[in-house]
Amino acid sequence: MSKVRVLVGTKKGAFICTADGKRQDWEISGPYFAGWEMYHLKGSAADPNRIYASQSSGWFGQIIQRSDDGGKTWNTPGSSPEDLKGEGGMPKGESNKFVYEGEAGKHMWYDGTQHPWEFKRVWHIEPSLTDPDTAFAGVEDAAIFKTTDGGKTWQELPGLRQAKGHLWQPGAGGMAVHTILLDPKNAKRIFVAISAGGCFRTDDGGTTWKPITKGLKSLYELPDPNAEVGHCVHRIALHPSKPDTLFMQKHWDVLRSDNAGELWNEVSGNLPTDFGFPIEVNFNAPETIYVVPITSDSLHYPPDGKLRVYRSKTGGGEWEALTKGLPQKDCYVNVLRDAMAVDQLDHSGVYFGTTGGQVYCSPDGGDNWTTIAAHLPAVLSLEVQTLK
C-alpha cells in the first residue's frame, strides 16, 4: 500500500510523520536537530530517501543536512562532525558555505537607503526533479544557489540578483528567495518568488532572469503602477500538468497567470480577506486551489478566530470555507508560506502546520480535517512525500 511521509520543520527541530495510504494512523519521529530552526526539509522526486534540510541558528549559523535513508540518519555533506565543532564543542555552522558570486553589492533597506548584501540563512531547498544530487537553495539575503554534488558545494546563479536587485528590499520577515518552482516540462525554466522583490522567471537554466509582475498592484508599497520589482509576493504554486498556469498569494490579493507569469489577474473573489501566506494546488485537479486567509498584514491570525482553509474548484474567484475538524473559535495561529502541501495519492490529501504547533491533514481534499500533531514548536515549513 502507498505511504505518505510528512516533513515538518519547526522553530526548535524537525519532525517526520508517516502513515499508510489511508492517512489515519500516524507515527511521529523526532525532534531531529532539536533546538535549531529548521526552515525547510524536502525530499528528492528522483530518490525519495534523499532528503535535504536547512538547519539554521542566529547564534551558530547555517548548516545543510542530508539524509539518504528517508530521515533515519543525517549527515552534513562536505563537512565532517569535527569540522562543525567550535570552542567548547559549540557548533560553528560552517558546513556548506554560501558565498555570493563576485562583488556582493547592495540592495534597498527598510528606510530606502542602500544596504550591503549579507548571507543569513537558507529558506527553501528545491531538489531537482530528475537528479538526487542536484538541488536549488533560496537564501536570505535573496539569491538562488545550486548544488550538483548532493549538497557538498553550492554555487550562486548570480543572474537573478542582476534583475534590478538593488531595488529589492526586505519584507517584515526579511528579504529571501522563499519559493522555487521547477517546470516539469521545460528543464531550463524556473520560477522564484522573493519577499519583497517580486516574482522572476528564467528560461535558460538560471543564467538570465526577468521580472514577471505585470498585473500586480502594490499601491501602498509601490506607488508606481508600472514597477517591475519590489512587490511582496508571499507564495506561488503550479500544477505539473499545466506549468504555464501559476497561482499567487501576494501581500494582498490572490492572483493567477495563464501565460507563465507574463500577466496576472486577481481571483480573490469572495474570500473574507485576501491576505495570507500559503497557496497550493490539488494534485488530481489542476483548477482546485487552497489558501488560508488571515485577518490583515498587522493581524496574523484567522478572521474572527476561526481557522478556515478556503478552496476554489474553479481556479479562483469562487471560494468555499473548509472547516470540519478545524477550531472555529478562539484560534489565533498563523500558517506560514511554506507550511502547506498536497500529496499525490488518487484522492489528494492536504496538509498544513500552524505557528501554534498543530499539523492538520485532510485525506479527502479538504472536506474533513484531522490533527496529526498538536504540541510541536511553531511550524515553519511542511512538505509531503508520496511513497508508492
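These numbers come from a predicted model, not from an experiment.

Caption draft 1: Broad picture of unusual backbone geometry. In the segment running from Gly-30 into Pro-31, the intervening peptide bond is cis, with an omega of 0°. Omega for the bond connecting Glu-140 with Asp-141 falls within 30 degrees of zero, at -5°, which places this linkage in the cis form. Examined against the element boundaries, Asp-141 turns out to sit in the loop between β10 (135–140) and β11 (143–147). Phi angles above zero are rare outside glycine, and Asp-330 is one such case at about 55°. In this structure, Asp-330 sits in the loop between β24 (320–322) and β25 (340–342). Overall, the relative accessible area of 61% leaves Asp-330 in the exposed class.

Caption draft 2: A look at the packing of aromatic side chains. With the rule as written, the count across this model stands at 17 aromatic pairs. Each ring, one from Phe-98 and one from Phe-119, has its centre 5.3 Å from the other, and the planes form 15°; the classification is stacked. With a gap of 21 residues between them, Phe-98 in the loop between β6 (61–67) and β7 (106–108) and Phe-119 in the loop between β8 (114–116) and β9 (121–127) connect regions that are remote in the sequence. What makes Phe-119 partly exposed here is its relative accessible area of 28%.

Caption draft 3: Broad picture of the side chain of Gln-55. Counting through the fold element by element, Gln-55 comes out in strand β5 (residues 51–57). The class of Gln-55 is buried, set by a relative accessible area of 5%. At a separation of 2.7 Å, a polar atom in the side chain of Gln-55 contacts the side chain of Gln-65. Beyond its immediate stretch of four places on either side in the chain, Gln-55 contacts Phe-33, Trp-36, Glu-37, Met-38, Gly-61, Gln-62, Ile-63 and Gln-65.

Caption draft 4: Quick look at the sheet that holds strand β26 (residues 350–353). Taken together, the four strands give an open sheet; going across it, the order is β25-β26-β27-β28, and neighbouring strands pair in antiparallel fashion. Of all strands in the sheet, those bounded by a partner on one side alone are β25 and β28 (370–373). Direction aside, neighbouring strands of the sheet carry axes that sit 25° apart on average. As paired strands, strand β27 (residues 359–362) and β28 are joined by three bridges and run antiparallel to one another. By the bridge assignment, Tyr-360 is partnered in β28 with Thr-371.

Caption draft 5: Representation of the environment of Ile-125 in the model. With respect to the helices, strands and loops of the structure, Ile-125 is situated in strand β9. Its relative accessible area of 0% is what places Ile-125 among the buried residues. Separated by 72 residues in the primary sequence, Ile-125 and Gly-197 place their C-alpha atoms 19 Å from one another. Each residue touching Ile-125, except ones within four places of it in the same chain, is listed here: His-40, Lys-42, Tyr-52, Ala-53, Ser-54, Ile-64, Ala-135, Phe-136 and Ala-137.

Caption draft 6: Summary view of the nonpolar core. Core analysis: the largest hydrophobic core is formed by 34 residues, its most contacted members being Val-8, Trp-26, Val-309, Tyr-351 and Phe-352. Residue assignment for this core shows that the elements contributing at least two residues are β1 (3–10), β2 (13–20), β22 (285–293), β25, β26, β27, β28 and β29 (379–387). If you look at the next biggest cluster of nonpolar residues, it comprises 30 residues, including Tyr-52, Phe-98, Trp-209 and Val-229.

Caption draft 7: Examining the sheet that holds strand β19 (residues 254–257) more closely. Here we have four strands laid out as an open sheet, ordered β17-β18-β19-β20, and antiparallel in their pairing. Unpaired on one side and paired on the other, β17 (233–239) and β20 (265–266) mark the two borders of the sheet. Pairing analysis gives six bridges linking β17 to strand β18 (residues 242–250), with the strands arranged antiparallel. When the bridges of β18 are listed, His-239 appears paired with Lys-242.

Procedures and definitions
- Residues numbered from 1 in each chain as written.
- Predicted model: local features only at pLDDT ≥ 70, side-chain atom pairs only at ≥ 80, totals over all residues.
- Heavy atoms only, no water.
- Helix = DSSP H or I, 4+ residues; strand = E, 2+ residues; numbered from the N terminus.
- Buried < 20%, exposed > 50% of the residue type's maximum accessible area, 1.4 Å probe, protein only.
- Phe/Tyr/Trp six-rings, centres within 6.5 Å; stacked < 30°, edge-to-face > 60°.
- Polar contact = N/O pair within 3.5 Å; in protein donor to acceptor, adjacent residues only side chain to side chain.
- Contact = heavy atoms within 4.5 Å.
- Pairing = 2+ DSSP bridges.
- Axes fitted to C-alpha atoms, helices over the stretch in contact; angles between N-to-C directions.
- Core = buried A, V, L, I, M, F, W, Y, C linked by side-chain atoms within 4.5 Å.

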